[in-house]
Amino acid sequence: MTKIPTLTLVGAGPGDPDLISVKGVKALQKADIVLYDALVSTELLNYAPVNVQKIFVGKRAGIYTTPQTDINTMIVAYAKQYGNVVRLKGGDPFVFGRGHEEIDFAKAAGLATVVIPGMSSITAIPTSLGFPLTKRGINESFWVVTGTTRTEELSKDLYLAIQASSTIVILMGLSKITDIVRVFTSAKKEHTPIAVIQEGTLATQKIAISTIAEIEKTIQVREISTPAIMIIGEVVNQHPDAWVNKISTQMWIDACNSGCSGMTCDF
Ligand SMILES: C[S@@+](CC[C@H](N)C(=O)[O-])C[C@H]1O[C@@H](n2cnc3c(N)ncnc32)[C@H](O)[C@@H]1O
């Protein structure tokens, strides 16, 4: 039976392989070929049949290993050759993931398309760590802002978000931390609590908690690198341990220097 050339876009979740959906797993089991991104756990590839090719097409820290135009072309060529191309993308495929561009391209080439949502890092990481993005009486919304736009700049939407009482979540912002601090400081919000989490939901997860004024130092001490997500706002103080309330940043830094790691830190 001839297979219908299909693109199945699957959200892999935030990192922990157990956080993919059941529907995502079933799609992988039916894959004829898999193209996967950098933030995807390679453990998930085990759900695809053994004889199926699994091709890495990701990027790391802004360095593209495979240009998007090549990925689009590969999707169409492989779908015509093999049938069902499963495109496994980190988090949710329609959140800062160029997933919709791939769907547009595939549809224009006559492919059938299926989209399976994923758990985005935006909500999964804060929730898994005990940070509520919203809390009654504290805020009424949360904003999600990119730290790196198409032109590699900090999004101007941050200037709007900062005017509200909202929690602000910043993705792809670590390389712009100095600019982010400047924006908050100019708005006299340098005492706002912030948490920066690297490799959230994974065993390698690291976290830096501080205020905007001191976060650059804390990031340095904790040796936080990409991929990282930032949670900014009063909700950071709502963490059960409420570190920002209980201890000074210097105490946090001293404790971290003496060997405690991430959320297992207990003062
Ligand atoms: C290109 S965006 C893709 C977002 C993804 N589609 C999602 O819904 O989570 C990649 C950025 O998401 C954030 N991110 C994704 N997974 C992460 C993780 N496990 N830990 C920390 N940050 C993560 C980082 O800011 C990273 O630079």
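Right above here is the structure, for reference.
What counts, and where the lines are drawn
- Residues numbered from 1 in each chain as written.
- Predicted model: local features only at pLDDT ≥ 70, side-chain atom pairs only at ≥ 80, totals over all residues.
- Heavy atoms only, no water.
- Helix = DSSP H or I, 4+ residues; strand = E, 2+ residues; numbered from the N terminus.
- Buried < 20%, exposed > 50% of the residue type's maximum accessible area, 1.4 Å probe, protein only.
- Contact = heavy atoms within 4.5 Å.
- Areas by Shrake-Rupley, 256 points an atom, 1.4 Å probe, with all protein chains shown as cover.
- 1 Å grid on protein atoms, 1.4 Å probe; cavity = no way out; pocket = protein on both sides within 12 Å on 5 of 7 lines; lining within 4 Å.
- Points joined across faces, edges and corners; volume = space filled by probe spheres on them.
- Near = heavy atom within 4 Å.
- Polar contact = N/O pair within 3.5 Å; in protein donor to acceptor, adjacent residues only side chain to side chain.
- Nonpolar A, V, L, I, M, F, W, Y, C, P; charged D, E, K, R; others polar.
- Salt bridge = Lys/Arg side-chain N within 4 Å of Asp/Glu carboxyl O.
- Phe/Tyr/Trp six-rings, centres within 6.5 Å; stacked < 30°, edge-to-face > 60°.

Peer 1: Sorry, what's going on with the overall build of the protein here?
Peer 2: Of the regular secondary structure elements, the protein holds nine helices and 12 strands. In the protein, which comprises 267 residues, the proportion classed as buried is 49%. Long-range contacts, defined as pairs at least 24 residues apart, comprise 65% of the intrachain contacts of the protein with a sequence gap of at least 6. Working note: accessible area of the protein is about 13,400 Å², and carbon and sulfur atoms make up 54% of it.

Peer 1: Hey, could you run me through the layout of surface pockets in this one?
Peer 2: One way to see where empty space is left: roll a probe the size of a water molecule over the atoms. For the second largest pocket, the calculated volume is near 190 Å³. Lining the second largest pocket are Thr6, Thr8, Lys23, Lys26, Ala27, Lys30, Asp32, Asn84, Val114 and Ile116. When residues of the lining of the second largest pocket are traced back to their parent elements, those giving at least two are strand S1 (6-11), helix H1 (22-29) and strand S7 (112-116).

Peer 1: Help me understand the site of the ligand, please; the structure alone is not making it clear to me.
Peer 2: Near the ligand lie 18 residues; those nearest to it are Pro14, Val95, Ser120, Ser121 and Ala228. A distance of 2.9 Å separates a nitrogen atom of the ligand from a polar atom in the backbone of aspartate 92. Surface burial for the ligand is 90%, taken as the share of its 570 Å² of free accessible area covered by protein chains. Among the elements of the structure, helix H4 (121-129) and strand S12 (228-232) are those that each provide at least two residues to the shell around the ligand. A per-class count over the shell around the ligand returns 11 nonpolar, five polar and two charged.

Peer 1: What should I look at first to understand the pattern of salt bridges in this one?
Peer 2: Opposite charge on two side chains permits them to pair, given that their charged atoms come into close proximity. Tallied over the entire structure, the rule returns eight salt bridges. Here glutamate 102 and arginine 87 are joined by a salt bridge, their closest N and O atoms 2.9 Å apart. Linking glutamate 102 in helix H3 (residues 99-108) with arginine 87 in strand S6 (residues 84-89), this pair joins segments that are 15 residues apart in sequence. Both residues of the pair, glutamate 102 and arginine 87, count as buried. One salt bridge connects arginine 98 with glutamate 101, and the closest N-O pair in it is separated by 3.0 Å. One continuous salt-bridge network, built from bridges that share partners, spans Asp37, Arg87, Lys89 and Glu102.

Peer 1: So what exactly am I meant to see when it comes to the packing of aromatic side chains here?
Peer 2: Describing an aromatic ring pair means giving the distance of the ring centres and the angle of the ring planes. Scanning the model with the defined rule gives two aromatic pairs in all. Relative to tyrosine 82, the ring of tyrosine 78 has its centre 5.9 Å away and its plane inclined at 40°; by these criteria the two rings are tilted. Of this pair, tyrosine 78 and tyrosine 82 both sit in helix H2 (residues 68-82), separated by four residues, roughly a single helical turn. Taking relative accessible area as the criterion, tyrosine 82 reaches 29% and is therefore assigned partly exposed.

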